[in-house]
Amino acid sequence: MGDVGAFLGIALGVLIAVVFPVLKGFVQGQFGAIAAPGLPPWAKKYAGLFAFCLVSALIVLAVFKAAKPDAEISFWVALVMGFGYESIVEKVFAKPLTA
């Protein structure tokens, strides 16, 4: 698989890691109907999420290719790389719990 496939796999892994916890709230009606015409308010949130996924995938791919420029990444390994990257970002940038 080439770099584009690896990039897409990483992006999908990040997307899965971010969206999975949100799905429960979505199903329970977290994003209700809107009163004004146009895009629903959650669409902006997901557009930002999509941009985050693409930028994150580019970062992960760049770091990997800097370390191993000739290595090939399978789609499933790329997916796990994306999932793991997002998990690390959550843990590093998480707000500390207050007692």
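What comes next is a walk through the structure. Residue numbers run consecutively from 1 along every chain, following the written order of its sequence. Selection of residues for local features in this predicted model requires a pLDDT of at least 70, selection of side-chain atom pairs for listing and counting requires 80 or more, and totals for whole chains, interfaces and linings are taken over all residues. Heavy atoms from the whole structure form the basis of all side-chain values; hydrogens and water molecules are not counted.

Here the focus is the overall build of the protein chain. Secondary structure assignment for the protein chain yields 3 helices and 0 strands. Burial here depends on accessible area, computed with a 1.4 Å probe over protein chains only, as a share of the maximum for the residue type. Under 20% is buried, over 50% is exposed, and the range in between is partly exposed. Going through the 99 residues of the protein chain one by one, you find that 27% of them count as buried. Should any heavy atoms of two residues lie within 4.5 Å, those residues are counted as being in contact. Within the protein chain, counting contacts between residues at least 6 apart in sequence, those at least 24 apart form 81% of the total. Split by element, the accessible area of the protein chain, about 7000 Å² in all, is 74% carbon and sulfur. What counts as a helix is a DSSP run of H or I of at least four residues, what counts as a strand is a run of E of at least two, and both are numbered from the N terminus. The accessible surface values rely on the Shrake-Rupley method and a 1.4 Å probe; as for residues, cover is taken only from the protein chains in view.

Along the polypeptide, Val 4 turns up in helix H1 (residues 3-27). Measuring from C-alpha to C-alpha, the distance between Val 4 and Leu 61 comes to 9.4 Å, with 57 residues separating the pair along the chain.

For the rest of this paragraph, the subject is the side chain of Ser 56. In this fold, Ser 56 is placed in helix H2 (residues 41-67). Exposure remark for Ser 56: the relative accessible area of 2% places this residue in the buried category. If near-sequence neighbours (up to four positions away) are discounted, Ser 56 is found in contact with Val 14 and Tyr 85.

Buried residues of nine kinds, namely Ala, Val, Leu, Ile, Met, Phe, Trp, Tyr and Cys, make up a nonpolar core once their side-chain atoms join them within 4.5 Å. Grouped together as the largest cluster of nonpolar side chains are 9 residues: Ala 6, Phe 7, Ile 10, Ala 11, Ala 57, Val 60, Leu 61, Ile 73 and Ala 78. Looking at this core, the elements with two or more residues in it are H1 and H2. No other element matches H1, which puts 4 residues into this core. In terms of nonpolar packing, the next biggest core, distinct from the first, is built from 5 residues, Val 14, Val 18, Val 19 and Leu 49 among them.

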